[in-house]
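Below are the chains, spelled out letter by letter.
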Amino acid sequence: MKIIRSVDISQLTKLLTGEELLEGMSDGWRSRVRALSKAITFLESEPLLAMEVLSAIPALKSPVTSRVIGVTGLPGAGKSSLTNLIVREIRKKQKTVAVLAVDPSSPLSGGAVLGDRVRMQEHFKDAGVFIRSMSSRGALGGVARTTRSAIRLAGVLGFDYIIVETVGIGQSEGEIVELADTTLLVLMPNSGDEIQLMKAGVLQLADVYIVNKCDLASPARMINELHENTAPDNPDAWTPAVIAASSATGEGLQDVMHSIESHHVFEKTHPKGYEVRKQRAVKEILRALHHVVEPDFLALISEAEQNQLDEVIEGTRPALALAGELSKKFLRSVK
Amino acid sequence: MNRYLTPSSPEGSSGGSPNSPGSVEIAGIKFAKTPRVLIAKPGLDGHDRGAKYIAKALRDSGMEVIYTGIRQSPDEIAITAVQEDVDIVGLSLLSGAHLELFPRVLAALKKQGGASIPVIGGGIIPEDDVPELLKAGVGAIFTPGTRIEDVISEIKRLLEK
């Protein structure tokens, strides 16, 4: 089968850094981009090997210089169109950018139609832009399980910016803020009244709030209510920017770019900024731990006595209780 | 360090299930991983009902389908195919320019480092033109009325070639 089912890690490293070129390719950058796209596929298909691959790449030992921007928001709010415009602005400054666009997988078939690219056609032939569509593959946090690893891999190629566009989200899918340095939340003028904005969840998490499509309806009420509901209690904390924008007319775009820059400066210079990055790291480690031990626990569950499983199914034993027992068993086995 | 990691190697399986985690079954056919398919519309015709139909049908069969939108140049299609690392490219064309555009997509793929990606085509394509397209390197041609099961088994055949 032509689909790559194995990977030579040391060769992959050389291909990603450009030390070696893919067979038959003379353009170094093109070869690296091809290697990146192959590497992302490999980690998507074999998530358990991500750890091996990522820890074997020497280039990953130097600090990441790419700036990661998350774009999240309601389905149809204009995330892809806005991303397209942000990419255009980034390119005007001669900076390079990778876009990881996540779309949902079908809960029925597991398949997906990945269509975010359609809004970014103007950049297809630009060698400074890499666009990769990712299926969420059943993950519910708004991004795919492999998105974090894909960010790391894109970082090896030294993209100045990495934009992660999430699936269209509702109220609680906030995983993006664990991955991105700056998260933009894209809303619409009629996204809901103040009660919606008072609710907890992703509405509390973004760094920049964008009321898009303001050419279609007045964003004034939404802007006011967002200001009221997102202003931090702590005067030292980042005050989220609230911007009226329109992907159709370009209104507000410069404000968006400016906010991305100011948030970057805030995070790098303000003591609170370090705190935020530390919290993000802790969450990432927790999530990674889950991935690392999952296969071992799956094995433990499959070894569990049939009657224990039946008790959980029947409801006579809480799943939490069995989980506790399995966890103790696991810890004993590694001692 | 020069190691190969495969799902069947001890490092790869690391206590997981005996089946390789990436493998999927689609319409009764087993694939080594979830196939990624690019559905693209080269040239100038803007009728994309057929392209959208096939995209949805393949999605419902469990594949990941990337759709480019209409009016794409061969270079744009090839660059997209490479960046998305698709396993196969499906071209939909109703304008009659298939003899011109399909070979140009194949050439562009070669230039972009995607020479190994098979290309299939569909749309309004006269029977008489099919042998020439196959000879030029197109993997398969589907005309209106093709059953989706046949497309899937053809994709499987091309991926195993």
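Novice: What is the right way to look at the overall build of chain A in this model?
Specialist: Within chain A, the secondary structure is distributed over 12 helices and 9 strands. Relative to the globule expectation of 20 Å for 335 residues, the C-alpha radius of gyration of chain A, 22 Å, shows essentially globular dimensions. Structurally, chain A occupies a C-alpha span of about 60 × 60 × 45 Å along its principal axes. Evaluated residue by residue, chain A yields a buried proportion of 48% over its 335 residues. When the accessible surface of chain A is summed, it comes to about 15700 Å², and 55% of that surface belongs to carbon and sulfur atoms.

Novice: Help me understand the nonpolar core in this model?
Specialist: In summary, soluble globular proteins display a tendency toward joint burial of nonpolar side chains. All names here are of chain A. Counting 50 residues, the largest nonpolar core has Leu16 and Leu36 as the members making the most contacts within it. Element by element, the count of residues in this core is highest for helix α2 (residues 28-45), at 7 residues. Structurally, this core is a two-domain feature, drawing no fewer than three residues from each of domain 1 (1-61) and domain 2 (63-269). Excluding residues that lie within four positions of it along the chain, Leu36 makes contacts with Leu16, Phe130, Leu153, Ala154, Leu157 and Phe159.

Novice: Looking at this model, I keep getting lost on the pairing of strand β2 (residues 67-73) of chain A. Mind explaining?
Specialist: Every regular strand shows the same layout, with side chains that alternate between the two sheet faces. All names here are of chain A. In terms of residue burial, β2 counts as a mostly covered element, since 7 of its 7 residues are buried. What you see with β2 is no split at all: Arg67, Ile69, Val71 and Gly73 on one side and Val68, Gly70 and Thr72 on the other are buried throughout. Bridge analysis of β2 against strand β6 (residues 161-165) gives 5 bridges, and the strand direction is parallel. The partner of Val68 across the bridge, within β6, is Ile162. Sheet topology places β2 next to strand β7 (residues 182-187); 5 bridges connect them, and they run parallel.

Novice: Which parts of the structure should I look at to understand the confidence of the model for chain A?
Specialist: Close reading of the predicted structure is inappropriate where its pLDDT is low. In the predicted model, chain A carries a mean pLDDT of 86, and 94% of its residues have values of at least 70. The low-confidence segment residues 1-5 of chain A, where pLDDT is below 50, has 20 contacts with residues more than four positions distant or belonging to other chains.

Novice: Got a minute to help me understand the sheet that holds strand β5 (residues 64-67) of chain B in this structure?
Specialist: Pairing between the strands of a sheet comes from backbone hydrogen bonds, and it takes one of two forms, parallel or antiparallel. Reading across the sheet, the 6 strands line up as β4(A)-β5(B)-β4(B)-β6(B)-β7(B)-β8(B) and stay open at both edges, with parallel pairing between neighbours. Edge positions in the sheet fall to β4 (112-114) of chain A together with β8 (140-142) of chain B, since each of these pairs with one other strand and no more. Strand-to-strand, the axes of this sheet are offset by a mean angle of 25°, without reference to chain direction. In this sheet, β5 of chain B lies alongside strand β4 (residues 36-40) of chain B in parallel orientation, the contact comprising 4 bridges. Within β5 of chain B, the position partnered with Ile39 of chain B by the bridge is Tyr67 of chain B. Contacts from helix α3 (residues 74-83) of chain B reach β4 and β6 (88-93) of chain B, with the element oriented near 165° to β4 of chain B. Packing of helix α6 (residues 148-160) of chain B onto the sheet brings it into contact with β6, β7 (119-123) and β8 of chain B, and relative to β8 of chain B it is tilted by some 170°.

Novice: When you look at the sheet that holds β7 of chain A in this model, what are you seeing that I'm missing?
Specialist: Residue and element names in this part refer to chain A. Reading across from one edge, β5-β3-β6-β2-β7-β8-β9 is the order of the 7 strands in this open sheet, with parallel pairing throughout. Looking at the sheet topology across the chains shown, the edges are occupied by β5 (129-135) and β9 (241-244). Taking each pair of neighbouring strands and ignoring which way they run, the sheet shows an average axis angle of 20°. Two elements, strand β3 (residues 97-103) and β6, share 5 bridges in a ladder whose sense is parallel. Directly across from Ala101, in β6, lies its bridge partner Glu165. Those strands touched by α2 are β3 and β5, and its axis lies near 15° from that of β5. Where helix α4 (residues 79-92) meets the sheet, it contacts β2, β3, β5, β6, β7 and β8 (208-211), and its direction lies at approximately 175° from that of β6.

Novice: For this particular structure, what's the right way to read a positive patch on the surface?
Specialist: Among the surface-exposed residues, Lys328, Lys329, Arg332 and Lys335 of chain A lie close enough to one another that they form a single positively charged patch. Mapped onto the elements, Lys328 of chain A comes out in helix α12 (residues 319-334).

Novice: Can you help me understand the environment of Leu22 of chain A in this one?
Specialist: All names here are of chain A. You can see Leu22 is positioned in the loop between α1 (9-17) and α2. The spatial distance from the C-alpha of Leu22 to the C-alpha of Arg34 is 8.2 Å, given a sequence separation of 12 residues. Excluding residues that lie within four positions of it along the chain, Leu22 makes contacts with Leu15, Ser31, Arg34 and Ala35.

Novice: Just to check I follow, could you spell out the pattern of salt bridges for this structure?
Specialist: Opposite charge on two side chains allows them to pair when their charged atoms are near. Under the counting rule described, the total for this entry stands at 34 salt bridges over all chains. Residue Arg36 of chain B is joined to Glu84 of chain B by a salt bridge in which the shortest nitrogen-to-oxygen separation is 2.9 Å. You can see Arg36 of chain B sitting in strand β4 and its partner Glu84 of chain B sitting in the loop between α3 and β6, a full 48 residues away along the chain. Overall, Arg36 of chain B belongs to the buried group, its relative accessible area being 0%. Glu84 of chain B gets classed as buried once you look at its relative accessible area, which sits at 0%. Asp45 of chain B is the salt-bridge partner of Lys41 of chain B, the closest N and O atoms lying 3.0 Å from each other. On the accessibility criterion, Asp45 of chain B (8% relative accessible area) is buried. Through salt bridges with shared partners, one network takes in Glu44, Arg117, Arg132 and Arg137 of chain A together with Arg36, Glu64 and Glu84 of chain B.

Rules of the game
- Residues numbered from 1 in each chain as written.
- Chains lettered and ligands numbered in written order.
- Predicted model: local features only at pLDDT ≥ 70, side-chain atom pairs only at ≥ 80, totals over all residues.
- Heavy atoms only, no water.
- Helix = DSSP H or I, 4+ residues; strand = E, 2+ residues; numbered from the N terminus.
- Rg over C-alpha atoms; globule rule 2.2 N^0.38 Å.
- Buried < 20%, exposed > 50% of the residue type's maximum accessible area, 1.4 Å probe, protein only.
- Areas by Shrake-Rupley, 256 points an atom, 1.4 Å probe, with all protein chains shown as cover.
- Core = buried A, V, L, I, M, F, W, Y, C linked by side-chain atoms within 4.5 Å.
- Domains from an automatic or database assignment.
- Contact = heavy atoms within 4.5 Å.
- Pairing = 2+ DSSP bridges.
- pLDDT = per-residue confidence, 0-100.
- Axes fitted to C-alpha atoms, helices over the stretch in contact; angles between N-to-C directions.
- Patch = residues over 30% accessible without salt bridge, like charges linked within 9 Å, V, L, I, M, F, W, Y side chains within 5 Å.
- Salt bridge = Lys/Arg side-chain N within 4 Å of Asp/Glu carboxyl O.
- Lys, Arg positive; Asp, Glu negative; His and termini not counted.
- Charge placed at Lys NZ, Arg CZ, Asp CG, Glu CD.

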